[in-house]
There are 2 protein chains.
Amino acid sequence: MAKLTKRSVDYSQWYNELVIKADLAENSAVRGCMVIKPYGYAIWEKMQQELDRMFKETGHVNAYFPLFIPKSFFSKEASHVEGFAKECAVVTHYRLKNDPDGNGVIVDPEAKLEEELIVRPTSETIIWNTYKNWIQSYRDLPIKCNQWANVVRWEMRTRLFLRTAEFLWQEGHTAHETKQEAIEETETMIGVYAKFAEEFMGMPVLQGVKTASERFAGALETYTIEALMQDGKALQSGTSHFLGQNFAKAFDVKFANKEGTEDYVWATSWGVSTRLMGALVMAHSDDFGLVLPPKLAPIQVAIVPIYKSEEELNRISAVVAQIVDKLKQRGISVKFDDSDNRKPGWKFAQYELQGVPLRLAVGPRDIANNTVEVARRDTLSKEVVSIDGVDAYVADLLATIQENIYKKALDFRSENTTEVDTYEDFKEVLDKKGGFIMAHYSGSPEVEQRIKDETKATVRCIPLNGDKTPGKCMLTGEPSAQRVVFARAY
Amino acid sequence: MAKLTKRSVDYSQWYNELVIKADLAENSAVRGCMVIKPYGYAIWEKMQQELDRMFKETGHVNAYFPLFIPKSFFSKEASHVEGFAKECAVVTHYRLKNDPDGNGVIVDPEAKLEEELIVRPTSETIIWNTYKNWIQSYRDLPIKCNQWANVVRWEMRTRLFLRTAEFLWQEGHTAHETKQEAIEETETMIGVYAKFAEEFMGMPVLQGVKTASERFAGALETYTIEALMQDGKALQSGTSHFLGQNFAKAFDVKFANKEGTEDYVWATSWGVSTRLMGALVMAHSDDFGLVLPPKLAPIQVAIVPIYKSEEELNRISAVVAQIVDKLKQRGISVKFDDSDNRKPGWKFAQYELQGVPLRLAVGPRDIANNTVEVARRDTLSKEVVSIDGVDAYVADLLATIQENIYKKALDFRSENTTEVDTYEDFKEVLDKKGGFIMAHYSGSPEVEQRIKDETKATVRCIPLNGDKTPGKCMLTGEPSAQRVVFARAY
């Protein structure tokens, strides 16, 4: 197995190689569309399970809305069409026919749709057109639906997980009686995303709101969670949008309120996608391969037997069977890899590459001594422990690893978060170190655009928590209510 | 709430009304595409969970392949393109732009794709093009992937769940070293579907193979499960295909076998879809609404308080809280409906309509007597039982209901399965009674086609189990190896 490019040599190349070599995903024959391979999909399934549980615990239900959106729906919300029309897949025909010249099949010109259909890049329009029929009075509210689905945005430059033409995601779409309730929902959901990122992905995130230029097309306010990758670039990992009454007005969704008068419904939408897979890879992994947090690892423990004869293997297998049993009883996912076509060294490297949190090795000497070698993926450290009580030991260690991965990422973020007060310092820190830069700016779109043009850094968010001390714009000296987070971003 | 049309008056109308009124699904603004509403989706999620577990237990893993298929892929397998080209959604452009005449947005003629993309109607072609890179030697086999996905077939006449342009499904795609292994996989999976249909959906099915005319486009053999609906029509509920080496040859997927020579890989594919939702509705439900098997019911027990004052409600709620607690401890999903905007009678009708297997009613007299009224949805019978041990009573009763629903459907099928020996009898039974008709025929496509043209009945399957006595074709007198199942079908 050829080694990975080192992160220090070429971070971007390292990422691309790792996603392929760890069997997470690969490019398909269709431009910009990926194949998510079984190992990658197993991680995504674990993410889905936890998120789905959290959505249901916060009162949401799942539903499913059409893949296609009539073209005319798009134009109904002005900024929405502006944001999505330039990169969408358009269905124009509904039939192929045999090529009269004998070259396979061609599009049948007689099967042209009356109105073109857009493959959904996001579903606000089709969903609000549906909600119109579901909502008459305040008694029908709130509606809190989520859908797990595929969406398509015709991105020109794609990278596995981070930016693909088709991706998998969930999109929540809620409808409320009051502005206040909708804002609370928006905030609740960004909180759910932050909790998921930190507790399950082991990835610290900043919660904040976007500036107008970075808002979702059609939103009045976009909340975001921003994570810091190991190369010092930010990655937007989830967003929650307060949509005001924009979509209700576009699709004429009114309700009779408690006072008996009619009002437009208040809306939110929120989503995370397979982009989280890219964030997970980039947040924790190292030059040897993936480092997965135990809570999302499809295999938490791999056990490799070291043997020279079948007889040795049999003795080892008998002991391992008991360990496997005890680990499974604790709900730990474990794989005993007794395949005979690979050497232990190859297996060790493979589990390292695939980020399995713990690897146990058992040889004849271990059997004699009643011990097992336990190797941690996160610290690359090994220890020999007694087989008695190894299940409790492993359970504790998995919890420790989960914490350690988070702490390491948090420390990295602390080290790579810098407060600056002048534009000179800003540019210097950005070029020498990167990371999150906390700075004051006037809040004007012009200043924001100038900084972006000159440095490629953008305002990642105006943080919800932390230091709220006012100051002065690093460029213009104008007053600033609080520091915001700048970074170069994925 | 207006009553449902009775099944005996108009079965088709009854079905259409029930799907809408029970809040399972509705038509969307996009021709032929449905919205699966939260209650319907919750049932589908339960189906998915069980099926997914069964797939994993039989050694399969999930993955995800692109939504789009390049047009040229389609032509590579001759019968496949023949089967699907006539009803597919074709993406020809990747951008919209503002209409210069100011009428919203139009397709940008400059953003035409070099090669059109087909929205997948099924994924054999894109998957086998991918497998080509995954398979070099017999060590890479078998590959046993499943994907949960949406697919699109541009059906002209659509009905909610039964036939929609877009539907949700799972498609398994496996690759094998030998013909024998692939056939075994095909049979294993039709067995998994049969087990799911019978044990979870409470729906007896016949397992068999399709005749050539009803085979999947590209298969050498199609296995099917066929269920009988209450109107005497059959519904194909799941299929498993032995694809031979057709797709391996079309996409040039070879492997080095154990003997060191090259061979084409053997393939299977298998799928069930949201069509199962239609089957579930039609198999069990009655003139009052849905009848759901407890194992797939999102709400297994609904509890309705009967009260005149807040004080009464409080006393009832205190008692119900304990019942709810005990039921939840047994893993039973329960809803205490103390909403105050609807009367108990309305709630009773609503839970009846939505097929909740058990309804408990608790009033002041019950509290005084330490009793609760338990109403079964399947038999529409009621009983008053002691609150002590009601949780065990309910658990047992749910198991009984699951069995009873199956038994009722099985009895119905027995009563509506008829052996006939002459074409006269065949036509008479078909018109007077419908159902499954077990008859001999020559096996020739011409005879099959003639029967279809004259009676609209098709060979549903050549059963795998049951009577294998040879006989003579009811039309031609030619020899027949065994009776096959004829029926009119959805």
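On a predicted model such as this, the values are computed, not experimentally measured, just so you know.

What counts, and at which threshold
Residues numbered from 1 in each chain as written. Chains lettered and ligands numbered in written order. Predicted model: local features only at pLDDT ≥ 70, side-chain atom pairs only at ≥ 80, totals over all residues. Heavy atoms only, no water. Helix = DSSP H or I, 4+ residues; strand = E, 2+ residues; numbered from the N terminus. Buried < 20%, exposed > 50% of the residue type's maximum accessible area, 1.4 Å probe, protein only. Contact = heavy atoms within 4.5 Å. Areas by Shrake-Rupley, 256 points an atom, 1.4 Å probe, with all protein chains shown as cover. Lys, Arg positive; Asp, Glu negative; His and termini not counted. Charge placed at Lys NZ, Arg CZ, Asp CG, Glu CD. Pairing = 2+ DSSP bridges. Axes fitted to C-alpha atoms, helices over the stretch in contact; angles between N-to-C directions. Expected span 1.5 Å × (residues − 1). Parallel < 35°, antiparallel > 145°, perpendicular 65-115°, else oblique. Left-handed = near helix turned anticlockwise from the far one by under 90°. Nonpolar A, V, L, I, M, F, W, Y, C, P; charged D, E, K, R; others polar. Buried area = accessible area lost by both parts, 1.4 Å probe. Salt bridge = Lys/Arg side-chain N within 4 Å of Asp/Glu carboxyl O. Polar contact = N/O pair within 3.5 Å; in protein donor to acceptor, adjacent residues only side chain to side chain. Least-squares fit on C-alpha atoms with pLDDT ≥ 70 in both. Core = buried A, V, L, I, M, F, W, Y, C linked by side-chain atoms within 4.5 Å. Domains from an automatic or database assignment. Right-handed = clockwise from strand over helix to strand, strands pointing away. Phe/Tyr/Trp six-rings, centres within 6.5 Å; stacked < 30°, edge-to-face > 60°. Lys NZ or Arg CZ within 6 Å of the ring centre and 35° of its normal. UniProt positions renumbered as here; feature names shortened; annotations may be inferred.

## Some points on the overall build of chain A
Summing up its helical and strand segments, chain A has 14 helices and 27 strands in all. Its C-alpha atoms give chain A principal-axis dimensions of about 80 × 70 × 55 Å. Counting the 490 residues in chain A, one finds 58% classified as buried. Across chain A, contacts joining residues at least 24 apart in sequence account for 68% of those joining residues at least 6 apart. Put simply, chain A shows about 19,900 Å² of open surface, and 48% of that area lies on carbon and sulfur atoms. Each charge class in chain A can be summarised by its mean position, and for the 61 positive and 70 negative side chains these summaries are 3 Å apart.

## Notes on the sheet that holds strand β20 (residues 371-376) of chain A
Each strand in a sheet pairs with its neighbour through backbone hydrogen bonds, running either in the same direction (parallel) or in the opposite one (antiparallel). Residue and element names in this part refer to chain A. With mixed pairing, the five strands of this open sheet are ordered in space as β18-β17-β19-β20-β21. If you trace the sheet from one side to the other, it starts and ends with β18 (334-336) and β21 (382-386), each paired once. Mean inter-strand twist for the sheet, computed between neighbouring axes without regard to direction, equals 25°. Relative to β18, strand β17 (residues 301-305) runs parallel, the two being bridged by three bridges. Opposite Val 301, over in β18, you have Val 334 as the bridge partner. Packing of helix α10 (residues 344-353) onto the sheet brings it into contact with β17, β18 and β19 (358-362), and relative to β17 it is tilted by some 170°.

## A look at helix α12 (residues 390-415) of chain A
In this model, α12 of chain A (26 residues) spans 36 Å end to end at C-alpha, consistent with the 38 Å of a helix rising 1.5 Å per residue. Residues of α12 of chain A that are buried include every one of Val 390, Asp 391, Val 394, Leu 397, Leu 398, Ile 401, Gln 402, Ile 405, Ala 409 and Arg 413 of chain A, and no others.

## Description of the packing of helix α1 (residues 11-21) of chain B against helix α8 (residues 275-284) of chain B
Any two packed helices are characterised by how steeply their axes cross, that is the angle between the axes, and by the distance between the axes. Residue and element names in this part refer to chain B. Relative orientation of the contacting elements α1 and α8 amounts to 120°, with a least axis distance of 11 Å. If you check the angle between α1 and α8, you find them oblique. The handedness of the crossing between α1 and α8 comes out as right-handed. Residues Tyr 11, Trp 14, Tyr 15 and Leu 18 of α1 touch α8, and the partners they reach there are Gly 278, Val 281 and Met 282. Split into classes, the residues belonging to the contact of α1 with α8 amount to six nonpolar, one polar and no charged.

## Some words on the pairing of β20 of chain A
Regular strands place side chains that alternate from one sheet face to the opposite one. All names here are of chain A. Within β20, five of the six residues are buried, which leaves the element mostly enclosed by the surrounding structure. Relative to β20, β19 is paired through four bridges, and the arrangement is antiparallel. Each residue of the ladder has a partner; that of Ala 361, found in β20, is Glu 373. Where β20 lies against β21, five bridges are found, and the strand directions are antiparallel. Residue pairing in the sheet places Ala 375 in a bridge with Lys 382 of β21. Hairpin connection of β20 to β21: five residues between the antiparallel strands, including Leu 380 at a positive phi of 60°.

## What to know about the interface of chain B and chain A
With 65 residues of chain B in contact, the opposing surface of chain A contributes 65 residues. Carbon and sulfur atoms make up 68% of the area that chain B and chain A hide from each other, which totals about 5,000 Å². By the criterion of area lost to chain A, the three top residues of chain B are Tyr 64, Tyr 94 and Leu 96 of chain B, representing 13% of everything that side buries. The interface formed by chain B and chain A includes two salt bridges. With a shortest N-O distance of 3.0 Å, Glu 45 of chain B and Lys 56 of chain A are connected by a salt bridge. At the surface where chain B touches chain A, the tally comes to 28 residue pairs in polar contact (both at pLDDT 80 or more).

## Here's the deal with the sheet that holds strand β22 (residues 417-419) of chain A
Residue and element names in this part refer to chain A. The strand order β3-β9-β10-β16-β13-β12-β11-β24-β27-β23-β22 describes an open sheet built from eleven strands, whose pairing is mixed. At either margin of the open sheet sits one strand with a lone partner, and together these are β3 (61-62) and β22. In this fold helix α5 (residues 124-134) packs onto β9 (143-152), β10 (166-176), β13 (234-244) and β16 (266-273), with an angle of close to 35° to the strand it touches most, β10. Most of the contacts of helix α6 (residues 179-199) go to β13, to which it runs at about 165°, and overall it touches β9, β10, β11 (206-209), β12 (221-228), β13 and β16.

## Comments concerning the relation of the copies chain B and chain A
Aligned on chain A, chain B shows an RMSD of 0.0 Å; the corresponding rotation is 180° and the shift along the axis is 0.0 Å. Considering both components of the superposition, the chain copies are consistent with a two-fold axis. No C-alpha of chain B approaches the rotation axis more nearly than that of Val 91 of chain B, which lies at 2.1 Å. A shared binding surface is used by both copies, with 100% of the interface residues of chain B retained as interface residues in chain A.

## Here's the deal with the nonpolar core
In this structure, Phe 68 of chain A together with Phe 68 of chain B are the most contacted members of the largest nonpolar core, which totals 101 residues. Once residues lying within four places of it in the same chain are set aside, the contact partners of Phe 68 of chain B are Val 30, Cys 33, Ala 89, Val 119, Val 152 and Trp 154 of chain A together with Val 91, Leu 117, Ile 118, Val 119 and Ile 126 of chain B. Formed by 69 residues, the second largest nonpolar core is a distinct cluster that contains Ala 25, Leu 168, Val 272 and Met 282 of chain B.

## Here's the deal with the domain arrangement of chain A
Residues and elements named next belong to chain A. Splitting chain A by domain gives domain 1 (11-71 + 123-284), domain 2 (294-412) and domain 3 (417-487). Placing the centre of domain 1 and that of domain 3 at their C-alpha centroids yields a distance of 27 Å. Summing both partners gives a buried area of about 1,300 Å² for domain 1 against domain 3, and 62% of it is carried by carbon and sulfur. When the buried area of domain 1 at its contact with domain 3 is split by residue, Leu 206, Gln 207 and Thr 211 rank highest and sum to 33% of it. Where domain 1 touches domain 3, the interface holds two salt bridges.

## Some remarks on the pairing of strand β23 (residues 436-439) of chain B
Residue and element names in this part refer to chain B. Side-chain alternation along β23 places Phe 436 and Met 438 on one buried face and Ile 437 and Ala 439 on a second face that is also buried. Sheet analysis places strand β22 (residues 417-419) next to β23, joined by three bridges and oriented parallel. Counterpart to Thr 417 in the pairing with β23 is Phe 436. The handedness of the β22 to β23 crossover, carried by helix α13 (residues 423-432), is right-handed. Inspection of the sheet shows β23 paired to strand β27 (residues 484-487) by three bridges, in the antiparallel sense. Residue pairing across strands places Met 438 opposite Val 485, the latter belonging to β27.

## A word on the packing of aromatic side chains
All names here are of chain A. Within this structure, the stated rule accounts for 40 aromatic pairs over all chains. Feature note: the residues Trp 44, Phe 55, Trp 148, Tyr 193 and Trp 270 constitute an aromatic cluster, connected by ring pairs. The ring of Trp 346 has Arg 342 lying over it, and the distance from NZ or CZ to the ring centre is 4.1 Å.

## Structural notes on the UniProt feature "domain: Aminoacyl-transfer RNA synthetases class-II family profile" (unreviewed entry) in chain A
In this structure's numbering, the residues bearing the UniProt feature "domain: Aminoacyl-transfer RNA synthetases class-II family profile" (unreviewed entry) are residues 26-293 of chain A. Counted over residues 26-293 of chain A, helix gives 29% and strand 32%. Its end C-alpha atoms are 22 Å apart.

## Observations regarding the pattern of salt bridges
Two side chains of opposite charge can pair, provided their charged atoms sit close to one another. All chains considered together, the criterion is met by 64 salt bridges over all chains. A salt bridge links Asp 286 of chain A to Arg 377 of chain A, with the shortest nitrogen-to-oxygen separation between them at 2.6 Å. Separated by 91 residues along the polypeptide, Asp 286 of chain A in the loop between α8 (275-284) and β17 and Arg 377 of chain A in the loop between β20 and β21 bring together distant segments of the chain. Take Asp 286 of chain A and Arg 377 of chain A: they sit in the same class, and that class is buried. With a closest N to O distance of 3.3 Å, Lys 86 of chain B and Glu 82 of chain B form a salt bridge. The class for Lys 86 of chain B is exposed, based on a relative accessible area of 53%. Put simply, Lys 210, Glu 214, Glu 226 and Arg 460 of chain A are held in one network by salt bridges that share partners.

## A few points about unusual backbone geometry
Following Leu 141 of chain A, the chain continues to Pro 142 of chain A via a peptide bond in cis, the omega torsion being -5°. Its identity as a non-glycine residue notwithstanding, Lys 456 of chain A has a phi of 65°, on the positive side. Along the chain, Lys 456 of chain A falls in the loop between α14 (445-455) and β24 (458-463). For Lys 456 of chain A, a relative accessible area of 66% gives the class exposed. Residues other than glycine seldom take positive phi values, yet Phe 161 of chain B does so here, at roughly 70°.

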